[in-house]
Amino acid sequence: MTSSAKPGLLERLEQGPVICAEGYLFECERRGYLQAGAFVPEVVLEHPEVVTELHREFVHAGSDVVEAFTYYGHREKLRIIGKEHLLEQLNRRALEIAREVADENGALLAGDLSNTNIFSADDESRRTVRRMFEEQTRWAVDAGADFVIAETFSHAEEALIALDVIKQTGLPAVVTLALHREPVTRDGLSPAEACRRIEAAGADVVGLNCIRGPRTMLPHVEAIREAVSCQVAALPVPYRTHDAQPTFQSLRDPEFDGQPFPTALDPFTCSRYELAEFGAAALELGVRYLGVCCGAGPHHIRSLAEAVGRTPPASRYTADMSKHAYLGTDSSLLSENQEFAEKL
Ligand SMILES: [Zn+2]
């Protein structure tokens, strides 16, 4: 299927929810192909087959979008690890890998821009950041991206620069902010106000991604939904953040000496059912661009997709405990085992 034959992002959002699986850094790190710390997606050059397979697994689980793994594949990150010369190659390869999987199944191909970590409100920084967004956006356009995501911004102004660059390509723009412990942007705006400004500047979808889990993201998504008239995005991390520890960096574990972020968050992981609950609640609010960020596994994506009425290919294997030897209810099972179930 060619990209011209399939409905685009905005048409799909008019029809209903769109699922976008994210969290490639964490999943590749867990699989042993990416180093936590600098978090640079060198895996697209060193082990492209791992990225291809992960894209396929996420689509199989219900993702409508194949997001090119260029998150943190920008000039500043590559400079830090001394590999700036690989910048273009890495971006083009990431887009090519994503394109291949999107073409296999009619999913949308998304280019990806992210926080640069060097933004500060002075003209030189604004120019540098804009140049970084321009080069990555150009490569995404060359690869035939259906739309471009600009994500995980703490500064609304940095998000606005990314949006401006995307708008010049004519492609739809999805712009999401990351909210830290204080639920304001680093330039001091409430998420609702920041998203209102980003919508006014021409974004097609605005919202939040990363940093906060379902419980501590949802109230802010609700405020954004009330503040804007465009489509809204919500892509939490699958961790049990709560009012006292609202971000995955702030989570503390009495069993672990140190900061669990980013490599010891396992005990806080949400079950698939919590993601289903989040998806249903967000959709009820009118939020249609839904996904899961850092920490997401395919089982989270499948649950989210099913919660909003979808039946992805992976639903063929959705749990059915009725035939479990001990816990099942099927009449063909050995009744002694069923009676023994409470002793398990
Ligand atoms: Zn994330």
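Note that the coordinates shown come from a computational prediction; the quantities given were computed from them, not determined experimentally.

**Observations regarding the nonpolar core**
The nonpolar side chains of a soluble globular protein tend to be buried with one another.
Working step 1: Judged by nonpolar contacts, the single largest core of 93 residues is most densely connected at Phe 69, Phe 248 and Leu 290.
Working step 2: A per-element tally of this core places helix H6 (residues 87-105) first, with eight residues.
Working step 3: In this structure, Phe 69 is in contact with Tyr 24, Leu 25, Cys 28, Leu 34, Pro 41, Val 43, Val 44, Val 51 and Ala 94, ignoring residues within four places of it in sequence.

**Regarding the packing of aromatic side chains**
Working step 1: Tallied over the full model, the rule gives eleven aromatic pairs.
Working step 2: Between Tyr 24 and Phe 69, the aromatic rings sit 5.6 Å apart at their centres with planes inclined by 35°, giving tilted as the arrangement. With Tyr 24 in helix H2 (residues 24-30) and Phe 69 in the loop between strand S2 (65-67) and helix H5 (75-80), this pair connects stretches of sequence that are 45 residues apart. Judged on exposure class, the residue Tyr 24 and its partner Phe 69 are both buried.
Working step 3: Centre to centre, the rings of Tyr 239 and Phe 248 are 6.1 Å apart; their planes meet at 35°, and the pair counts as tilted.
Working step 4: The aromatic ring of Tyr 72 is capped on one face by Lys 77, whose charged end is 4.2 Å from the ring centroid.

**Observations concerning the coordination of the zinc ion**
Working step 1: Every protein donor of the zinc ion is listed here as Cys 210 (SG), Cys 293 (SG) and Cys 294 (SG), and their distances to the metal cover 2.2 to 2.3 Å.
Working step 2: Linear spacing of the donor residues for the zinc ion on their chain is C-x82-C-C. Within this pair, whereas Cys 210 is found in the loop between strand S6 (205-209) and helix H10 (214-227), its partner Cys 293 is found in the loop between strand S8 (289-292) and helix H12 (298-307), the two being separated by 83 residues in sequence.
Working step 3: On the basis of relative accessibility, which here comes to 4%, the residue Cys 293 falls in the buried class.

**So, the packing of helix H4 (residues 48-61) against H12**
Working step 1: For the pair H4 and H12, interaxial distance at closest approach is 8 Å and the crossing angle is 25°. Regarding the angle of H4 to H12, the classification is roughly parallel. The interaxial crossing formed by H4 with H12 has right-handed handedness. When H4 is examined against H12, the residues Glu 57, Phe 58 and Ala 61 are found in contact with a partner set consisting of Pro 298, Ile 301, Arg 302 and Ala 305.
Working step 2: Classifying every residue of the contact of H4 with H12 by side-chain character gives five nonpolar, no polar and two charged.

**Some remarks on the pattern of salt bridges**
Working step 1: Enumeration over the complete set of coordinates arrives at 22 salt bridges.
Working step 2: Its salt-bridge partner being Arg 31, residue Glu 27 comes within 2.8 Å of it at the nearest N-O pair.
Working step 3: For Glu 135, the salt bridge identified is with Arg 75, shortest N-O distance 2.9 Å. In this pair, Glu 135 is assigned in helix H7 (residues 123-142) and Arg 75 in helix H5, connecting sequence segments 60 residues apart.
Working step 4: Look at the salt bridges and you will find they share partners, linking Glu 27, Arg 30, Arg 31 and Glu 57 into a network.

**As for the pairing of strand S5 (residues 173-177)**
Working step 1: Along S5, five of the five residues are buried, which leaves the element largely enclosed by surrounding structure.
Working step 2: Burial of the side chains of S5 extends over both faces: Ala 173, Val 175 and Leu 177 are buried on one face and Val 174 and Thr 176 on the other.
Working step 3: Examined bridge by bridge, strand S4 (residues 147-153) and S5 share four bridges and lie parallel to one another. The partner of Ile 149 across the bridge, within S5, is Val 174.
Working step 4: For the crossover that starts at S4, traverses helix H8 (residues 156-167) and ends in the parallel S5, the hand is right-handed.
Working step 5: Pairing of S5 with S6, which is carried by four bridges, proceeds in the parallel orientation. Of the residues in S6, the one forming a bridge with Val 174 is Val 205.
Working step 6: Considered for its hand, the β-α-β crossover made up of S5, helix H9 (residues 191-200) and S6 is right-handed.

**Some words on the environment of Arg 225**
Working step 1: Mapped onto the secondary structure, Arg 225 falls in helix H10.
Working step 2: As a C-alpha pair, Arg 225 and Pro 254 span 29 residues in sequence and 36 Å in three-dimensional space.
Working step 3: With residues up to four places along the chain from it excluded, the contact list for Arg 225 reads Cys 230, Gln 231, Val 232, Leu 285, Gly 286 and Val 287.

**Topic: the pairing of S4**
Working step 1: Where burial is concerned, most of S4 is hidden: seven out of the seven residues are buried.
Working step 2: In this sheet, S4 lies alongside strand S3 (residues 108-114) in parallel orientation, the contact comprising five bridges. If you follow Ser 114 over to S4, its bridge partner there is Glu 151.
Working step 3: For the handedness criterion, the β-α-β arrangement of S3, H7 and S4 is classed as right-handed.

Cut-off values and rules
- Residues numbered from 1 in each chain as written.
- Predicted model: local features only at pLDDT ≥ 70, side-chain atom pairs only at ≥ 80, totals over all residues.
- Heavy atoms only, no water.
- Core = buried A, V, L, I, M, F, W, Y, C linked by side-chain atoms within 4.5 Å.
- Buried < 20%, exposed > 50% of the residue type's maximum accessible area, 1.4 Å probe, protein only.
- Helix = DSSP H or I, 4+ residues; strand = E, 2+ residues; numbered from the N terminus.
- Contact = heavy atoms within 4.5 Å.
- Phe/Tyr/Trp six-rings, centres within 6.5 Å; stacked < 30°, edge-to-face > 60°.
- Lys NZ or Arg CZ within 6 Å of the ring centre and 35° of its normal.
- Donors = N, O, S within 2.8 Å, 3.2 Å for Na, K, Ca; no water.
- Axes fitted to C-alpha atoms, helices over the stretch in contact; angles between N-to-C directions.
- Parallel < 35°, antiparallel > 145°, perpendicular 65-115°, else oblique.
- Left-handed = near helix turned anticlockwise from the far one by under 90°.
- Nonpolar A, V, L, I, M, F, W, Y, C, P; charged D, E, K, R; others polar.
- Salt bridge = Lys/Arg side-chain N within 4 Å of Asp/Glu carboxyl O.
- Pairing = 2+ DSSP bridges.
- Right-handed = clockwise from strand over helix to strand, strands pointing away.

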